[in-house]
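Results of the structural survey
Letter by letter, the chains look like this.
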Amino acid sequence: MQDYYYMLVVKPSSHLELFSDFLVDVLPVGFEEIDDGFIIRSEEDLETVQWGIEQFSEALQRALGEVIDVDMTLTKEKNDDWIAQYQQGISPVEIAPFYIHPTWEEPKEGMLNIAIDPALAFGTGHHPTTASCLRGIAKYVKEGDVVMDVGCGSGILAIAAIKKGAVVDACDTDPLSVENASVNAEQNHISYRRLWEGPINETDEKYDVIIANIVADVLVFIASDLRKRLREGGVLILSGIMDKYEDKVLRAYKNFELTERLVENEWVTLVVTQKGNA
Ligand SMILES: C[S@@+](CC[C@H](N)C(=O)[O-])C[C@H]1O[C@@H](n2cnc3c(N)ncnc32)[C@H](O)[C@@H]1O
């Protein structure tokens with residue numbers, strides 16, 4: 001750990017969700033959402049990120065014909081443990097049968113406990129998209145199923161599926177996430193069948209259930225890869241979709257049957273089923 005880290009606080013005057021989409025797409029690490037913006041922290045200098053946000057903001061203003069003020073403050077902070085400060089604000093999440101808790105909180109009797117500490121990888125159970133996927137896993141993953149978690153982040157969904165008795169593969173294009181998913185597997189005394197850094201098309205397996213909590217554009221892009229890897233009658237849980245992009249995702253998955261739609265705030269999770277001839 002370095003002695004210092006960089007902190008960029010970004011506060012756009014409007015269109016927070018568009019800035020959030022942009023950051024999810026371009027940042028190699030997670031960021032914290034606050035009421036009126038975002039906090040990005042890194043041991044690498046964030047000047048390039050700040051420049052990228054300025055460019056994005058200018059392009060957005062031109063496209064929308066609106067003025068958007070973006071207040072940005074870049075500071076160098078002493079690395080005396082911002083993760084510890086962040087940890088203090090983390091409470092357990094209960095989505096039956098799962099109980100997701102940080103390691104410093106007790107597990108809950110009678111639940112499928114998942115110990116996850118906040119880290120740079122996405123997935124503590126607090127975000128609506130992760131929570132909806134956990135609800136999907138609770139309902140659609142059965143003992144003995146072979147399951148794939150695409151974009152595993154912290155590994156939370158893969159671990160939940162394993163706790164339900166499934167055999168699970170997981171992948172993520174971000175090396176930090178793969179590392180964190182591996183740490184969390186050990187912490188929860190479970191094993192993935194296979195965990196790799198990269199996209200889903202690096203496997204030839206067929207799956208009963210595939211879960212992908214990624215952004216809408218990526219879900220559209222990988223639709224045919226997901227279709228190829230799903231067995232006939234298999235279930236796809238697609239999340240990370242902002243409601244305004246739902247139609248775009250549904251068009252890309254038009255050969256599937258829509259089984260269930262889970263909505264939390266502006267986030268939509270689609271459960272779709274492979275048709276016999278899809
Ligand atoms: C929103 S996070 C989801 C993390 C976790 N599965 C959850 O539900 O909390 C999305 C993850 O997808 C990864 N990702 C983005 N594009 C991907 C792709 N094409 N293939 C695999 N992973 C991808 C990102 O690195 C990120 O870790």
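First things first, this report covers the structure right here in the doc.

What counts, and at which threshold
Residues numbered from 1 in each chain as written. Predicted model: local features only at pLDDT ≥ 70, side-chain atom pairs only at ≥ 80, totals over all residues. Heavy atoms only, no water. Pairing = 2+ DSSP bridges. Helix = DSSP H or I, 4+ residues; strand = E, 2+ residues; numbered from the N terminus. Axes fitted to C-alpha atoms, helices over the stretch in contact; angles between N-to-C directions. Contact = heavy atoms within 4.5 Å. Buried < 20%, exposed > 50% of the residue type's maximum accessible area, 1.4 Å probe, protein only. Near = heavy atom within 4 Å. Polar contact = N/O pair within 3.5 Å; in protein donor to acceptor, adjacent residues only side chain to side chain. Areas by Shrake-Rupley, 256 points an atom, 1.4 Å probe, with all protein chains shown as cover. Nonpolar A, V, L, I, M, F, W, Y, C, P; charged D, E, K, R; others polar.

Some thoughts on the sheet that holds strand β5 (residues 93-95)
Spatially, the three strands line up as an open sheet ordered β5-β6-β7, and their pairing is mixed. Since the sheet does not close on itself, it has two edges, and those belong to β5 and β7 (112-115), each with one partner. On average, adjacent strands in this sheet sit at an angle of 15 degrees to one another, irrespective of strand direction. Strand direction decides the pairing type here: β5 and strand β6 (residues 98-101), joined by three bridges, are antiparallel. Of the residues in β6, the one forming a bridge with Val93 is Ile100. Against the sheet, helix α5 (residues 156-163) touches β6 and β7, its axis set at about 150 degrees to β7.

A closer look at unusual backbone geometry
The residue after Ala96, namely Pro97, is reached through a cis peptide bond having omega 5 degrees. By the element assignment, Pro97 lies in the loop between β5 and β6. Phi at His15 is positive, roughly 55 degrees, even though this residue is not glycine. The exposure class assigned to His15 is partly exposed, which follows from its relative accessible area of 22%. Of note in this structure, Asn265 is not a glycine but carries a positive phi near 50 degrees.

Overview of α5
With seven of its eight residues buried, α5 lies for the most part within the structure. For α5, the full list of buried residues reads Ile156, Leu157, Ala158, Ile159, Ala160, Ala161 and Ile162. Gly165 occupies a position one or two residues after α5 and carries a positive phi of about 100 degrees.

Description of the site of the ligand
The ligand sits among 17 residues. The nearest are Gly123, Thr130, Gly151, Asp172 and Asn213. Backbone polar atom of Cys152 to a nitrogen atom of the ligand: 3.4 Å apart, as the coordinates give it. Contact distances for the ligand include 2.6 Å between an oxygen atom and a side-chain N or O atom of Asp172. Within the complex, the protein chains bury 84% of what would otherwise be the 600 Å² of accessible surface of the ligand. In terms of residue class, the shell around the ligand is built from eight nonpolar, seven polar and two charged.

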